[in-house]
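Structure at a glance
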Amino acid sequence: MRRLEVERNARNILRDHNLLQLPVDPLKVAHALNIRVMNAKFSEENKSGVVSKRGNDLSIYLDYDDPSWRKRFTIAHEIAHIVLHMLEGDSEYIDAEDNFRNTSPEAGQWTDEKQKEWEANVFAAALLMDGDLVKAEWSKTHELSLLAWKFQVSETAMAIRLSTLNLTEEYV
Ligand SMILES: [Zn+2]
């Protein structure tokens, strides 16, 4: 799936549920899609998120200790697995921290698995930082920290998003 298609998916979900407003609340998006979100204590150190589908039961587990901006991104990333990758049958995704890093199809060896993680990150960024909302806010202020605060994301995530939307030259 290409970037534009993934972004359109995220945008449609926000529109359909009337949740396209600042800051986007991924928890509300999850609830609108009948997904339960729970905090968990993972036994493995670098595990950051799990999503499972068992029949009609859709559940996302977050690392209890993660800061709130991190949890927001994790919820958005796991929602992506549900709406893009878990369409048939029961399945589960277990995400280590590395899966949330920004990767691109050009970097290193590309696999189906990496493609799915890339799609989930593209979707998460689009969900939390809708292109039109970011452009509108960027036209009011060029201050990265203020934008990150308005969208309740990390400055790193916002910097990458600005670059993806061709609003800055940094983090290319
Ligand atoms: Zn993932």
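Below or above, wherever it landed, is the structure these notes cover.

1. Some thoughts on the pairing of strand β2 (residues 47-54)
- Among the eight residues in β2, seven count as buried, and that is most of the element.
- As defined by bridge partners, β2 adjoins strand β4 (residues 91-96) across six bridges and the pair is classed as antiparallel. What sits directly across from Ser52, in β4, is Glu92.
- Here β2 runs beside strand β3 (residues 57-63); their pairing, made up of six bridges, is antiparallel. Bridging across to β3, Lys53 finds its partner in Leu58.

2. Describing helix α7 (residues 155-164)
- Those residues of α7 not exposed but buried are Ala157, Met158, Ala159, Arg161, Leu162 and Ser163.
- If you follow the buried residues of α7, they end up packed against α1 (3-16), α4 (112-128), α5 (131-140) and α6 (144-151).
- One or two positions beyond α7, positive phi appears at Asn166, with a value near 60 degrees.

3. Considering unusual backbone geometry
- In this structure, Pro23 follows Leu22 across a cis peptide bond, with omega equal to -20 degrees.
- Relative to the assigned elements, Pro23 resides in the loop between α1 and α2 (26-32).
- Of note in this structure, Gln152 is not a glycine but carries a positive phi near 55 degrees.
- Looking at where Gln152 falls in the secondary structure, it is placed in the loop between α6 and α7.

4. Some thoughts on the coordination of the zinc ion
- The protein atoms donating to the zinc ion are His77 (NE2), His81 (NE2), Asp95 (OD), Asp95 (OD) and Glu117 (OE), with metal-donor distances spanning 2.0 to 2.5 Å.
- For the zinc ion, the single-chain donor residues occur in sequence as H-x3-H-x13-D-x21-E. Residue His81 is located in helix α3 (residues 68-85), and its partner Asp95 is located in strand β4; the two are separated by 14 residues in the primary sequence. When sorted by exposure, His81 lands in the same class as Asp95, which is buried.

5. Things to note about the nonpolar core
- If you look at the biggest cluster of nonpolar residues, it comprises 44 residues, and the most contacted ones within it are Ile79, Phe123, Met129 and Met158.
- For this core, the elements supplying multiple residues, two or more each, are α1, α2, β3, α3, α4, α5, α6 and α7.
- Tallying contributions element by element places α4 first for this core, with nine residues.
- In this view, Met129 contacts Val134, Phe151, Val153, Ala157, Met158 and Arg161; residues no more than four positions away in its chain are not counted.

6. Topic: the packing of aromatic side chains
- Per the counting criterion, the structure on display carries zero aromatic pairs.
- Here the basic side chain of Arg70 rests over the ring of Phe100, its NZ or CZ set 5.1 Å away from the ring centre.
- Here the guanidinium or amino end of Lys71 rests over the ring plane of Tyr64, the centre of that ring lying 5.9 Å away.

7. Considerations on the sheet that holds strand β1 (residues 35-40)
- Ordered in space as β1-β3-β2-β4, the four strands form an open sheet in which the pairing is mixed. Two strands bound the open sheet, and with one partner strand each, they are β1 and β4. Strand after strand, the sheet turns through a mean of 15 degrees between neighbouring axes, direction not considered.
- With six bridges connecting them, β1 and β3 associate as parallel partners. Of the residues in β3, the one forming a bridge with Ile35 is Leu58.

8. Observations regarding α6
- Every buried residue of α6 is accounted for by Leu147, Ala148 and Phe151. The buried residues of α6 occupy an angular sector of 100 degrees when projected down its axis, which confines them to one face.
- On the buried face of α6, the contacting elements are α3, α4, α5 and α7.
- Of the residues flanking the end of α6, it is Gln152, one or two places downstream, whose phi is positive at about 55 degrees.

Rules used throughout
Residues numbered from 1 in each chain as written. Predicted model: local features only at pLDDT ≥ 70, side-chain atom pairs only at ≥ 80, totals over all residues. Heavy atoms only, no water. Buried < 20%, exposed > 50% of the residue type's maximum accessible area, 1.4 Å probe, protein only. Helix = DSSP H or I, 4+ residues; strand = E, 2+ residues; numbered from the N terminus. Pairing = 2+ DSSP bridges. Contact = heavy atoms within 4.5 Å. Donors = N, O, S within 2.8 Å, 3.2 Å for Na, K, Ca; no water. Core = buried A, V, L, I, M, F, W, Y, C linked by side-chain atoms within 4.5 Å. Phe/Tyr/Trp six-rings, centres within 6.5 Å; stacked < 30°, edge-to-face > 60°. Lys NZ or Arg CZ within 6 Å of the ring centre and 35° of its normal. Axes fitted to C-alpha atoms, helices over the stretch in contact; angles between N-to-C directions. Arc of directions from axis to C-beta.

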